[in-house]
Each structure stands twice: as structure tokens, then as C-alpha cells.
Amino acid sequence: MSLRPSSSVNAGSYRPDIDGLRALAVLAVVLFHIGVPGFGGGFVGVDIFFVISGFLISGLLRQELISQGRIDFKAFYARRFRRLGPALLLMVCVVLLLSYFVLLPDDQNKLGREIRGVALLSANLHFLQHAFDYFNSASDLTVMLHTWSLAVEEQYYLAWPFIMWGLYRLNGRQPHKVARSLPPLLWLIFVASLAYCLWLSYHETPRAFYLMPTRAWEFAAGALLAITPLPAGWKAHAGVASGTGLLLLLGSVLGLNETMVFPGVIVLLPVLGSVLFLLGGQLNADNAVSRLAARRPWTDIGILSYGFYLWHWPLLALGRYWGLGERSLPRDLLLGGVLALLLSWLSYRYVEQPIRQKKLRAFTATKATLWSGFGMIVGMWLLGNVAMFLLPRAPWSGHQALLQAKGDAMVMHGNCAMPKDGLPLSPVAQCVEGQRNGPVRLLAWGDSHTDHLMPLYETLAQQQHIAILRRVYHGCPPLPDVTPVGEGKLRTWCTNFSRAVRDELPQLKQQGVSGVLMNVRWSGYAALNKPGENSIAVLAAGQNGMPDSVWDKQVGMAPLDRATSLAVLQQALQRNAAYLQQLGLKLVLVLPEPEMQRSPPECVIRLGAAACNVSRQQAEAERADVVAMLRKVASQAPNVRVWDGFDHFCDATTCYASQNGHIRYQDKNHITASMARSMAADFKPVFDWALQPLAKP
């Protein structure tokens, strides 16, 4: 089939150079996501799309408003449904089918939540709420992450046509007045949105990235070009404008990278480049740069750009998920490049074009299209519920061995919550383990690594007929004097939770608690740089829980670098130990267990046990600075002891993910309940020590 503009496009107004620009945008995004070297700034392709959208749609709306004295909102949204809905629904259906065989139940549930966000045009808000850093490698496995940009665009167009219509009414329905007042309104949107974007970029980066109000200025930039009359004398400069724009775009794609604050100031480069490129074609479509962009294969790729964008990311994410979270350039090129492009052509040929040309009855009349669009929204939302609730209840038989390995975890009693803001603490009765009706003698305080040792603690507690109070918040260090920082967010809930536990300690001491057991993934709060990890650092917290120092930096850069974070952690832990000593409480610090490079359940089942082990030398090196910190704290505090279970995992040369057919880890850094219980006898002496009263100095 020959690719050509849809029949819904007026042949006289069609600009093939814009399809060429779309090709640049989608290729930049796809090559960046695949990880092709040299395309570190390819993420700006989305910004190019925003400018193109503002240019085309605002121009059409203005023309309709001035020529007809109205905006046909029903027809407008019917066109949006025809353009976007069917291909999107098809992609969701295929992804849902693939996910049954690729994703595990917990991740199917997450996918379902993402699909519901897509259906409700709120995917950007979903990913913002769940603290996804778009540029973090952990996002590689987030199947619907790319739909954030579709949500931003549709949120904009839920408002902009009505704003234009309101302006028309305020101007007494006089077209010439609208033509004069529309540019100032767009300039106001442009300036206000850009200012908000820049401010948030250096204070709450994810909000600047995901929110529609911080992206509205990009649509406004394209709209301003579409509605502003151009002087006739500028035609001679068309080639310069297009050429400069192309250079700015190529420079952005090839020169920017994900370590820079984005959007930030640098987003001005691709937006300005897009405007200049479009300006050149507007002045004279026959300039050399526009003619180049208007040639095949660029126009063919541009026409397929929507489908190409839709398909490439889910295929990459599912492929990487099956590939143990690792990137593979040949595989990713095949899935995100070749296969995605093929699927985009099939979608264009057999879904998009027949519907846009109104060959299907459900999409012929405007009213029928709107009802079909509503049906697609409801259907997609229901598909999200299928992924959330039905698929996990009937997992694929090929996942049984994997689920059995991952299911080797302790089920906690009660309803011991981790509240969103860190407060309030759950009642003690809901957070005890061990001999639950026995006296509470120990406090297990920490993050998810405390939880993975709870089977060990429970075993010993039941032997001693005592209860252990569990105060755990995943992703939070048990230190009242620090605030974790990552993904552009201050994790103030961590500080709130830790301070509440600290305030509880005197009462716990009076009630018979004698010691604290603390197993924490300290390295995870010290700018850990590992594939698939959310990089988090810590800053000293002030009286109000907010950092005493500035934090508008990327994790990995001072003061959010590893050395500074470890120093802050050490000082805060020393203060915590001193406070515990003042109360007469002991503290057991568990040294870090070795971490695996691949998630052992998936790795052992798919690649064999030998492919999943790590060398002892590597595992020791990864934890060396944390071990030194913890030993130093213990050496300076008489109420602190350390315990190291490292040798339970490693011999002289190798740390084993699995041994004698038993997988030891739930994932890369969380051990199984069986593995935790196997270390109980070795841990017993320090456990018994923590139960004894602290000797007075």
C-alpha cells in the first residue's frame, strides 16, 4: 500500500515537510529508547510533537472560528477519537494479551492501573503520583510509560478549544477582534506556562516533566506561529529559518542527555528549533531544507509516526522484562525498531485509514463516532480491570516455578500500614510478630530489608516466647535526622515516620523493650548507581523535616553524591545510637547481604543457576563503604553491635543465588524467608544480647 496523507487532510494545505519533521521526532524518541549510541537527547522528540500539534490544531480551530463564527466541538472531538482511539485500543489489547505470558501477577496489576490511567486521559498524573523518573533505568519495565505524552496533549485540547470559543464570545463574536486578541492570550499562556515549567524544573522535576500546565507553552509556541501573519519580506529567509531550526533540533537530539535537568532551560532548544523549522516551510515550502524533509522515506515514517510511537515502547518494555530487566541493543532494535514499524504500518493500513476515511459505520457520522469513542474509553478502562483483577488470579502455567520461588516470603500479621505521609503510626497490636501474645521486647526498625529478615527474627522470638514490634517503611532509612531525595522529590514521609518512631521509643522502653534490630539497605540511600535502580540520596533534615541545604540538583552530583550521603547517614546513625543509649536501649546493626546482578528467580529458571551468581570480590567491593561506616558507628558506641551473615551466601570465591536447588533471593537484593530462617542459629547470640538490659556505664 502506498503511504499518503489521509483523505481527511486537504491536499491543498498538506505540508509534507511536517511529516518529515514528525519522522525526525519519532526516530529520535525511538532510537533514544532503544539506547542507540549518539542519540542521548532523543527524548526531545516529544517536545517536537507538542509544537507540531499546537501549530496544526490551533491553526485549524482559528480558521474554523473566524470563517464560520463557531467551533464545532462535537466534530472536533470526533476527529480526535478517529485519529487516536482505535490504534491506541488495538495496542492495549495486544499488550494485554502479551502481558499474560510475560508479566508476573503483581506487574500485571500495575499494568492494569496504567491502562486505566490511559483510558481516563490521566496517564501522566498516574506516573507522577507513583514517582516514576522518566529517565531512570527502572522505568524501562513500565509498559505504558510513553502514554504520558498522549495524556498531556489531550488534557490541553480539553481546554484550549473552549478558551478560544470563550475569547470569541467576549469579543462580541467579531472575527477581526478575535484575530487581534488571540495572540496576546497565547503569549500570556506561553510566558506563564514557561515560567512555571522552569521554576518546577529546578524544584520538583517530575512535576515539570509530566504536568500539562508546564507543557502548555510548547503547544502555544506552535499556535503562535500558526496565527501570526508573516511579513512578505521574510520569504527570502525561509531557508535560513528551516536550516537553523534543523541544526537546533539535531543538536538537541545528539548533544543533550538524560543527566541534564529536563525540561529546564535546555527544552528551549528543541522548541525553538521546531518553530524555526515550521516557520521556514510556512514562508516558502520550496526552500532546500523543507524540500529535503518532504521526500521519502521521511514522509512515510512521519505518516506512521503515531503508530510507531504507540508500539515501540511496550515492545521494548516487555522484551526487557523477559530479558531480566537488561538492555540488549540487537533485541531492542528488532522489537522497538523493526517490529514496531511493521505493526505501525499494519495498524495504519487496516485500522487508522479505514476509520479516518469513515469506511466503518461506527465512525461515519459525528454522533456515532462520539459514542464509539465513549465505548473505547469504557472498554479500555475495563481492560485495565481485567489486568488488575482477573489475570493475576489465573497465572500462566509457565510462571508456576517462578511464582513459587518469589512466594517464599513471610506474610506479616495484622494491618501494619505505611501511611502516605508517614503518619500516624499503626497501633502496636497491629504490628507485632513472633509470639504475638507475648511481651514486646524488641523493635525491628528499618526498610524492606528489615522485612526480609523478619522470618529470622520471628523464629528466635517464638523460641523465646516474646513479641517483636515491627516499624518498617519501605524505601525509608530509620533515621529521624535525614530526608531522602530522589526523582525530584523530597521523601518527607520517611522523616515523618522515623521521627514518630523515635518519639515512641521512651514509652516502648518503659513497657519492656530492650533493644532495636536494624537491617537497612544503606547503599540504596547513598546515590546508588545500578541499572534498574531508583537513585536516592539523603540530606540532613531540619526541625521541620525539610533539608537544611539546597537540593535542586541531580542525584549523583554534590551534595547528593555518594560520599556526602554516606557521611550524612553516618552522622545521623551516630546520633540515633547515642539517643538509644541514653534511653538504655541496645542496637544491632546487620551488615548488608550480597546483592545479585540479576533477579535470581527469573535468572535461575531461564538461564540456569551458574549464570546468576556473583563473585565474592565484587559483592564485597559493592558493600565495602557501607560496612566501614557501620563498623565505625559500632566501635564508638557501647550499646551497638554488628552482625554479618555474608558467609551464609558466599564461599571463598562466589556468592550464590541458588544452592542445592533452593533459590535464596526474591529479587536482586531481597532474600527469601527460607534463607532468612536458615541463619537463625548464627544470629541467636546477638539476638540474646539485645534482650539483656544495657549495662550502666
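Residues numbered from 1 in each chain as written. Predicted model: local features only at pLDDT ≥ 70, side-chain atom pairs only at ≥ 80, totals over all residues. Heavy atoms only, no water.

Peer 1: Lay out the overall build of the protein in plain terms, naming residues and giving numbers.
Peer 2: Scanning the protein for helices and strands turns up 25 helices and 13 strands. In terms of overall dimensions, the protein is globule-like: its C-alpha atoms have a radius of gyration of 29 Å, near the 26 Å expected for 697 residues. With the C-alpha coordinates aligned to their principal axes, the bounding extent of the protein is approximately 90 × 50 × 45 Å. Sequence-distant contacts, at least 24 apart, represent 80% of the contacts inside the protein between residues at least 6 apart. (Helix = DSSP H or I, 4+ residues; strand = E, 2+ residues; numbered from the N terminus. Rg over C-alpha atoms; globule rule 2.2 N^0.38 Å. Contact = heavy atoms within 4.5 Å.)

Peer 1: Lay out the state of the cysteines in plain terms, naming residues and giving numbers.
Peer 2: Scanning the model with the defined rule gives four disulfides in all. Shown here is the disulfide that connects Cys 603 with Cys 612, its sulfur atoms set 2.1 Å apart. A torsion of -100° about the S-S bond marks the disulfide between Cys 603 and Cys 612 as left-handed. Note on accessibility: Cys 603 and Cys 612 belong to one class, buried. Here Cys 650 is linked by a disulfide to Cys 655, with a sulfur-sulfur distance of 2.0 Å. Across the S-S bond linking Cys 650 and Cys 655, the dihedral sits near 100°, which makes this disulfide right-handed. Accessibility classification places Cys 650 together with Cys 655 in one group, the buried group. (Disulfide = S-S within 2.5 Å. Buried < 20%, exposed > 50% of the residue type's maximum accessible area, 1.4 Å probe, protein only.)

Peer 1: Any chance you could break down the pairing of strand β3 (residues 467-472) for me, citing the residues and the numbers?
Peer 2: Burial within β3 is extensive, with six of its six residues counted as buried. Of the two faces of β3, the one holding Ala 467, Leu 469 and Arg 471 and the one holding Ile 468, Arg 470 and Val 472 are both buried throughout. Relative to β3, strand β1 (residues 432-434) runs antiparallel, the two being bridged by three bridges. What sits directly across from Glu 433, in β3, is Ile 468. The pairing of strand β2 (residues 440-446) with β3 spans six bridges and is parallel. (Pairing = 2+ DSSP bridges.)

Peer 1: I'd love a proper account of the sheet that holds β1, names of residues and values included.
Peer 2: Spatially, the six strands line up as an open sheet ordered β1-β3-β2-β6-β8-β10, and their pairing is mixed. Every interior strand has two partners, whereas the edge strands, β1 and β10 (640-643), have only one. In this sheet, neighbouring strand axes are inclined to one another by 30° on average, regardless of whether the strands run parallel or antiparallel. Both strand β8 (residues 586-590) and β10 contribute to a ladder of four bridges, which runs parallel. Across the sheet, Leu 587 pairs through a bridge with Val 640, a residue of β10. This element, helix α20 (residues 492-510), spans β2 and β3 of the sheet and lies at about 165° to β2. Packing of helix α23 (residues 616-635) onto the sheet brings it into contact with β8 and β10, and relative to β10 it is tilted by some 145°. (Axes fitted to C-alpha atoms, helices over the stretch in contact; angles between N-to-C directions.)

Peer 1: I'd like to hear about helix α11 (residues 268-283), residue by residue, with values.
Peer 2: Taking 1.5 Å per residue as the helical rise, α11 with its 16 residues ought to reach 22 Å, and the 22 Å between its terminal C-alpha atoms agrees with that figure. Counting buried positions along α11 yields twelve of 16 residues, so the element is predominantly enclosed. Among the residues of α11, Pro 270, Val 271, Gly 273, Ser 274, Val 275, Leu 276, Phe 277, Leu 278, Leu 279, Gly 280, Gly 281 and Leu 283 are the ones counted as buried. Packed against the buried residues of α11 are α1 (16-34), α2 (45-68), α9 (216-227), α10 (238-255) and α12 (288-293). (Expected span 1.5 Å × (residues − 1).)

Peer 1: Run through the sheet that holds strand β5 (residues 489-490), naming residues and quoting values.
Peer 2: In a beta sheet, neighbouring strands are held together by backbone hydrogen bonds and run either parallel or antiparallel to one another. The strand order across the open sheet formed by three strands is β5-β4-β7, and the pairing between neighbours is antiparallel. Because the sheet does not close on itself, it has two edges, and the strands there are β5 and β7 (537-540). Relative to β5, strand β4 (residues 482-486) is paired through two bridges, and the arrangement is antiparallel. Residue pairing across strands places Gly 486 opposite Lys 489, the latter belonging to β5.

Peer 1: Would you mind going over the nonpolar core in detail, with residue names and values included?
Peer 2: Of all hydrophobic cores here, the largest spans 119 residues; its most connected members are Tyr 134, Met 144, Trp 148 and Trp 160. Apart from the residues lying within four places of it in its own chain, the contact partners of Trp 148 are Val 46, Phe 50, Ala 123, Asn 124, Phe 127, Tyr 134, Phe 209, Tyr 210, Arg 215 and Tyr 309. In terms of nonpolar packing, the next biggest core, distinct from the first, is built from 45 residues, Leu 443, Cys 476, Met 518 and Leu 589 among them. (Core = buried A, V, L, I, M, F, W, Y, C linked by side-chain atoms within 4.5 Å.)

Peer 1: Before we move on, can you summarise a nonpolar patch on the surface with the specific residues and values?
Peer 2: Residues Leu 120, Trp 371, Phe 374, Val 378, Trp 381 and Leu 382 make up a contiguous nonpolar surface patch of about 630 Å² in total accessible area. Residue placement: Trp 371 occurs in helix α16 (residues 366-390). (Patch = residues over 30% accessible without salt bridge, like charges linked within 9 Å, V, L, I, M, F, W, Y side chains within 5 Å. Areas by Shrake-Rupley, 256 points an atom, 1.4 Å probe, with all protein chains shown as cover. Salt bridge = Lys/Arg side-chain N within 4 Å of Asp/Glu carboxyl O.)

Peer 1: Tell me about the pattern of salt bridges, residues and numbers included.
Peer 2: Tallied over the entire structure, the rule returns 30 salt bridges. Note that Asp 17 and Arg 15 form a salt bridge whose closest N and O atoms lie 2.8 Å from each other. The pair Asp 17 / Arg 15 is uniform in exposure class, with both members buried. The shortest N-O distance in the salt bridge between Arg 207 and Glu 204 comes to 3.9 Å. The exposure class of Arg 207 is partly exposed, given its relative accessible area of 28%. Connected through salt bridges with shared partners, the residues Asp 140, Arg 320, Arg 327, Arg 331 and Asp 332 form a single ionic network.

Peer 1: Tell me about the packing of aromatic side chains, and name the residues and values.
Peer 2: The tally for this structure, following the rule as stated, stands at 29 aromatic pairs. Seen from their ring centres, Trp 345 and Tyr 350 are 6.4 Å apart, and the 90° between their planes marks the pair as edge-to-face. By relative accessible area, which is 25% here, Trp 345 ends up partly exposed. Lying across the ring of Phe 209, Arg 215 places its NZ or CZ 4.8 Å from the centre. (Phe/Tyr/Trp six-rings, centres within 6.5 Å; stacked < 30°, edge-to-face > 60°. Lys NZ or Arg CZ within 6 Å of the ring centre and 35° of its normal.)

Peer 1: Residues and numbers for helix α4 (residues 105-119), please.
Peer 2: For α4, with 15 residues, the first-to-last C-alpha span of 21 Å sits near the 21 Å given by 1.5 Å per residue. Within α4, burial applies to Pro 105, Gln 108, Asn 109, Leu 111, Gly 112, Glu 114, Ile 115, Gly 117, Val 118 and Ala 119. Turning to α4, the residues buried within the fold contact α3 (73-102), α5 (123-129), α16 and α17 (400-406). Just past α4, the residue Leu 121 takes up positive phi, approximately 55°.

Peer 1: Please set out the packing of helix α21 (residues 562-583) against α23 residue by residue, giving values where relevant.
Peer 2: It is the contact of α21 with α23, at a shortest axis distance of 10 Å, that shows an interaxial angle of 25°. Between α21 and α23, the angle falls in the class roughly parallel. The interaxial crossing formed by α21 with α23 has right-handed handedness. Facing Arg 562, Leu 566, Leu 569, Gln 570, Leu 573 and Gln 574 of α21, the residues of α23 in contact are Glu 622, Asp 625, Val 626, Met 629, Leu 630, Lys 632 and Val 633. Here the contact of α21 with α23 is composed, by residue class, of seven nonpolar, two polar and four charged. (Parallel < 35°, antiparallel > 145°, perpendicular 65-115°, else oblique. Left-handed = near helix turned anticlockwise from the far one by under 90°. Nonpolar A, V, L, I, M, F, W, Y, C, P; charged D, E, K, R; others polar.)

Peer 1: I'd like a rundown of the confidence of the model for the protein, residues and numbers included.
Peer 2: Across the protein, the average pLDDT comes to 92, with 95% of residues at or above 70. Contacts for the low-pLDDT stretch residues 5-9, under 50 throughout, to residues beyond four places or in other chains number eight contacts. (pLDDT = per-residue confidence, 0-100.)

Peer 1: So, unusual backbone geometry: which residues are in play, and what are the values?
Peer 2: Along the chain, Arg 296 connects to Pro 297 via a cis peptide bond; the corresponding omega equals 10°. Along the polypeptide, Pro 297 turns up in the loop between α12 and α13 (298-303). The omega torsion of the bond from Leu 423 to Pro 424 falls at -5°, within 30 degrees of zero and hence cis. Tracing the backbone shows Pro 424 in the loop between α17 and β1. Even without a glycine there, the phi angle at Leu 121 is positive, about 55°. Position of Leu 121 relative to the elements: it lies in the loop between α4 and α5. Here Leu 121 falls in the partly exposed class, since its relative accessible area comes to 32%. Positioned with a positive phi, Leu 324 is a non-glycine residue whose angle comes to about 65°.

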